[in-house]
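# An overview of the molecular structure
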Amino acid sequence: MRWVGRPLPRYEDPVLLQGHGRYSADLAQGARFLRFVRSPIARGRILTVNAPPETPMITAAALGDVKPICPRLDRPDCVAVAQPILASERVIYVGEPIAAVISDTAADAEDLAERVTVEINPETPVVTLDQALAPSAPLVHEAAAQNTLIDARFETAGVVVAFTSADQVVEFTFTSGRQAAMPLEARGAVAAFDTASGRVTLSASTQMPHLLRTGIADALGIAESELRVIAPEVGGGFGQKMALIPEYVAAVWAARHFACTVAWIEDRLENLTASFHARDQRLHLRGAFDADGRLLAIDADILCNVGAYSNFPATCGVEPLMALADMPGPYQLTEYRARARAIATNTCPMAPYRGVSRPVITAAMERLMDCAAARLGLDALEIRRRNLTAEFPHTSVTGVVHDPGSYREAMEAAAQVIDIAQFRTRQQTARSEGCWLGLGMSVFAERTGPGTPAFAARRMVMTPGFERVELVIDPSGFLEARIGSSPHGQGLKTTLAQLVADETGIAPRDIRVVAGDTDRTPYGWGTFASRSLVIAGGACKLAGTKLRERLQAVASQVLEAAASDIEINDGRAFVRGTDLSIEVRQLARAAYHQSHRFPAIAETGLSAVATYDPYGTFSNACHIAIVAADGATGQVTIERFVIVEDAGQLINPMIVEGQIHGGVAQGIANALYERVVYDDAGNPLTGSLSDYLVPTMAEIPKLEIQHLVTPTDASVTGAKGVGEGGTIGAPAAVLNAVSDALAPFGVGIFEMPITPQRVLHLLREAERKAQ
Amino acid sequence: MKPVSFRYFAPRSVDEAIDLLAEHGEEGKILAGGQSLVPAMNFRLARPASLIDINRIDALDYVREDGGQLRIGALARHARFETPVARGVLAAFLPRVARHIGHLPIRCRGTFCGSIAHADPASEWCLVATTLNAELAIMSRRGRRNVRPNEYFAGALTTTLQPDELLAEIRLGLLDDSWRTGFAEFSRRAGDYALAMAAAVLRLEDGRIVDARLGVGGAADRPSRIAAAEALLTGSDGGPDIVREAGNIAAEAIEPLEDIHASTVYRRDLVRAMVRRALNQALTR
Ligand SMILES: Cc1cc2nc3c(=O)[nH]c(=O)nc-3n(C[C@H](O)[C@H](O)[C@H](O)COP(=O)(O)OP(=O)(O)OC[C@H]3O[C@@H](n4cnc5c(N)ncnc54)[C@H](O)[C@@H]3O)c2cc1C
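The rules we used
Residues numbered from 1 in each chain as written. Chains lettered and ligands numbered in written order. Predicted model: local features only at pLDDT ≥ 70, side-chain atom pairs only at ≥ 80, totals over all residues. Heavy atoms only, no water. Salt bridge = Lys/Arg side-chain N within 4 Å of Asp/Glu carboxyl O. Contact = heavy atoms within 4.5 Å. Polar contact = N/O pair within 3.5 Å; in protein donor to acceptor, adjacent residues only side chain to side chain. Helix = DSSP H or I, 4+ residues; strand = E, 2+ residues; numbered from the N terminus. Buried < 20%, exposed > 50% of the residue type's maximum accessible area, 1.4 Å probe, protein only. Near = heavy atom within 4 Å. Areas by Shrake-Rupley, 256 points an atom, 1.4 Å probe, with all protein chains shown as cover. Nonpolar A, V, L, I, M, F, W, Y, C, P; charged D, E, K, R; others polar. Axes fitted to C-alpha atoms, helices over the stretch in contact; angles between N-to-C directions. Left-handed = near helix turned anticlockwise from the far one by under 90°. Patch = residues over 30% accessible without salt bridge, like charges linked within 9 Å, V, L, I, M, F, W, Y side chains within 5 Å. Core = buried A, V, L, I, M, F, W, Y, C linked by side-chain atoms within 4.5 Å. Domains from an automatic or database assignment. Buried area = accessible area lost by both parts, 1.4 Å probe.

## Let's talk about the pattern of salt bridges
Tallying each qualifying case throughout the model produces 74 salt bridges over all chains. One network of salt bridges, in which partners are shared, links Arg35(A), Glu110(A), Asp111(A), Glu114(A), Asp267(A), Arg44(B) and Arg47(B).

## Examining the interface of chain A and chain B
Contacts between chain A and chain B engage 35 residues on the former and 23 residues on the latter. Here chain A is connected to chain B by six salt bridges. With its nearest N and O atoms 2.4 Å apart, the salt bridge here joins Glu114(A) to Arg47(B). Counting across the chain A and chain B interface gives 17 residue pairs in polar contact (both at pLDDT 80 or more). Of all the secondary-structure elements, those providing two or more residues to the side of chain A that touches chain B are helix H3 (106-115), helix H8 (268-274), helix H18 (653-673) and helix H20 (756-770) of chain A. A total of five residues in the side of chain A that touches chain B trace back to one element, the largest contributor, which is H3(A).

## With respect to the side chain of Thr214(A)
Residues and elements named next belong to chain A. Looking at the element boundaries, threonine 214 is found in helix H6 (residues 209-220). The exposure class assigned to threonine 214 is buried, which follows from its relative accessible area of 8%. Reaching out from threonine 214, the side chain makes a polar contact with the side chain of glutamate 224 at a distance of 2.8 Å. Here threonine 214 is in contact with Glu224, Met462 and Tyr523, once residues within four sequence places are set aside.

## Quick notes on the site of the ligand
Residue and element names in this part refer to chain B. Near the ligand lie 30 residues; those nearest to it are Ile30, Gly34, Ser36, Thr111 and Glu124. Note that an oxygen atom of the ligand is positioned 2.7 Å from one of the side-chain N or O atoms of serine 36. In this structure, histidine 78 approaches the ligand through a side-chain N or O atom, which is 2.8 Å from an oxygen atom. Here the ligand has 960 Å² of accessible area as a free molecule, and 90% of this is covered by the chains. It is helix H5 (residues 112-118) that provides the largest number of residues to the shell around the ligand, a total of four residues. For the shell around the ligand, a count of residues per class yields 12 nonpolar, 14 polar and four charged.

## Considerations on the packing of helix H10 (residues 358-376) of chain A against helix H19 (residues 725-741) of chain A
All names here are of chain A. Direction vectors running N to C along H10 and H19 enclose 35 degrees, while the axes themselves pass 8 Å from each other. For the crossing formed where H10 meets H19, the hand is right-handed. Within the contact between the two elements, H10 uses Arg358, Pro359, Thr362, Ala363, Glu366, Arg367 and Asp370 and H19 uses Thr727, Ile728, Pro731, Ala732, Leu735, Asn736 and Ser739. Residue composition of the contact of H10 with H19, grouped by class: six nonpolar, four polar and four charged.

## Details of a nonpolar patch on the surface
Taken together, the side chains of Leu269(A), Phe43(B) and Leu45(B) present a nonpolar region at the surface, about 290 Å² in accessible area. If you trace the backbone, Leu45(B) turns up in the loop between helix H2 (37-42) and strand E3 (50-53).

## What to know about the nonpolar core
Counting 205 residues, the largest nonpolar core has Leu202(A), Ile216(A), Leu285(A) and Phe641(A) as the members making the most contacts within it. It is H10(A) that provides the largest number of residues to this core, a total of 11 residues. If we ignore the near neighbours within four places in the chain, the residues touching Leu202(A) are Ala189(A), Val190(A), Ala191(A), Leu212(A), Ile216(A), Leu227(A), Arg228(A), Val229(A), Ile230(A), Tyr248(A) and Val252(A). Listed in part, the 55 residues of the second largest apolar core include Ile57(B), Ile101(B), Leu132(B) and Ala168(B).

## Focus: the domain arrangement of chain B
Residues and elements named next belong to chain B. According to the domain assignment, chain B contains domain 1 (7-53), domain 2 (58-172) and domain 3 (179-284). Relative placement of domain 2 and domain 3: their C-alpha centres are 21 Å apart. Contacts between domain 2 and domain 3 engage 22 residues on the former and 28 residues on the latter. Across the interface of domain 2 and domain 3, roughly 2,000 Å² is buried in total on both sides, 65% from carbon and sulfur atoms. Per-residue buried area on domain 2 facing domain 3 is highest for Pro121, Leu127 and Thr131; these three make up 29% of the total on that side.

Listed below in structure tokens is the structure:
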């Protein structure tokens, strides 16, 4: 019996649904609460920080030689900047921590924080890309001339020729608004000092407990073994929780300093304004096409507003460098020129966010395809057919290797599901009645599960990638899988148990996956980049194979049969072709308590360790959206949304679909709703969920999902990552659909979110021009 | 996100509540459904020293018809209006409005009178009260007074209600079968505050509009009746040109708010569209 491929209910859910899950805030009982005093000014010099006498206040001076956070890339086109744990001289964004106060309740701490007075001499901030790039723009960091933290370039030899020989050159500027990842659980941590051992246990809402330990230990100048980091239940992270943050360093420092338990539980206002943002980008794109619609060359200028600081360990290169490397996406392209810059501004820093740069580059590339198709009189499918990669492995112009996928097949399948011809007829009728329907598609390849080779190519000083897994069967026959990765709500424990079950013959219910505890798990990089199932899953499979061999060795001794004749299934070992069998529990007992009988496993016992570090694998999908645009209000409603996804071998189809649902919802949010807004003075204006518009159930349509399965050997399990695809593909499909709906007015969309107000504005402008 | 500390009172009777209000004056605040006050306190935008919780005063929890009016007590929750509270045109109209107020949990706590007291520019009930020229019954230790919306709403979140006063009851005049109603609202997400909304209440005789009440909300600092559009509608057959023009008049008549969700220009566009929709709804029903 195979467990892989089954839509097994998640082992995580009963606990969570009954309210027994423990998140960081649940662990804060009895703790003293930290509250940060944050800068109300986007840019300025700190003159004084004062509190009434006796206020337990921590400032930069108290922290002494605690080191700042300084993420690095090993490349000459990149400037490293250091982020202080608490600002002492200057503040460079609204929300930057300046001091912390500590009290017995969260409310008291908030009262105390209000009594701290900070005098700041304000200076004119740079908020937007244009302001930061203006000739005499003030500098956010002295070291970064023209506020440029990264300025990376790529160019092939034939770009200029390709553009001169082109039949059509399509050119536009595409902008993506700033988003906040908005995990349901904001960040938070409880740091508990243990007087006996002198250690601190930090329970933090993080995606990367091991990296957090490294980062905090380095900042405090202590051995990593002084610190234990636990990720308890994590209520979503989406990238926002894969960075080292000043608040956690301060919390551990305070726990050690005051020798007590300290909690910092972020509130929603802090989370929306002072945690991390993402995707504030502008792309200038030129595409050269021949008369048959073949893409000859691309010239891209990629600008990312990365806010005030870089982030550790991903760095502020994560958006621009991935955009630079992955711009061609699923398309064949030989000539490519790109410049990708990370621009510092006096705004909240950026962290990776589900999809990383690809929601934006995919939207831009897919708009490019539709624009070129319209110019050449081709339909949207045909132009893509002529350009999609169909031969694998495919090495992109930037050197990225794509393993086998189904780029064209997914598109054709999606087109069939939605029945484009029938839609076109309906669209015509609707138009004659003044009702504006549109259909848009996007085709993309999602790089998933990148290991160290992929990150080394980006020249990250801290190069993430491998995952290690330890499997241990205990004397009662239960299996513990200790993984370095650390889930944040995606059901990883269930899928890994399914993988281990198939390898070892021990049923998932008898497998406990232990994650998110640096004392209990091997060093690993955590969860991001659609990597956990691919890489930790791969390691589970490799370790599982070894463990099965060890079980077979024990069984062969006990059952007096050749090890190769032993089959293990559902907790029992059988001798093939006989009725001889024994329970794994009995084997475990024997292995531990009569170990002298089993010299073959003397070294390891019933345990196995494996490490997996792949290059990475591409999943792919096609999204098609049908929308209706209301000409009187500008409102866009999504009528249908079809996804044909190829994630290789599905370990648990239900979980895969869950990933797609959540991802598409965030993609629709990017396309139509969410936008972090700053005023000219650098004040964030979207500090609550009534202003930062996260779509609800009512705004997200029913999704129609189909799967294709293309085998790959780029992943030992055959599984490809699927964590980000929904977020990557949805914006492009929606924007193309809105553009299609508004085509009769000559309006095309090159920005997101495309709000009703903007739709109406563009319609009015088009009317005015037509007159 | 934790409120400043406050004193808490839970009176059992109206008399006790107004005594407490008199005693605490500017420092005290009524707690009704808490759906506006509590978030404001958590953001520390509101810092009342004392809360006077009226949720235990059963005498305030009613909706009843009486003397040609629908009387709504201070504890009647929004959710109560999701199904008709009585027979007739008015009671059938209110559910179409009520479902636009926030989300179900909010409607189960928030009160009709609390909305009128809070006076959010985008409150549906404030628009209904204005359009139907409701009577607002106010009590304090100084006595009782009744006011009409035009002398009550003074701007965004501002009214002529005094700190020692309790808004005890709202009275809406019942509508007989000759009345038609329409309501249209635009918000970014289901449950969001309206960026613009319109309520149309028309009396028809032999296919002609003989009385028109047209209210617009969400777009300006307070709801308003659009007198010029009402005049245009009255005596007309409510044909497409009239409806279009009424929308234009309303769009020009208001002084629109501007915020991150909608510019003044866009708010006028939305008012135009919502007025037309509300009128069409009333005229085709
Ligand atoms: C997410 C969300 C969405 C919402 N969406 C909408 C919406 O779309 N439309 C809408 O109209 N509302 C909306 N609301 C607000 C909700 O309707 C509130 O219930 C309403 O505004 C206030 O009523 P309340 O009973 O909760 O009053 P409270 O919050 O208890 O009080 C509000 C204010 O009125 C005062 N007050 C209350 N009752 C009285 C009284 N009887 N006499 C004197 N003073 C009084 C209080 O002192 C306080 O100052 C939303 C709220 C939330 C949280």
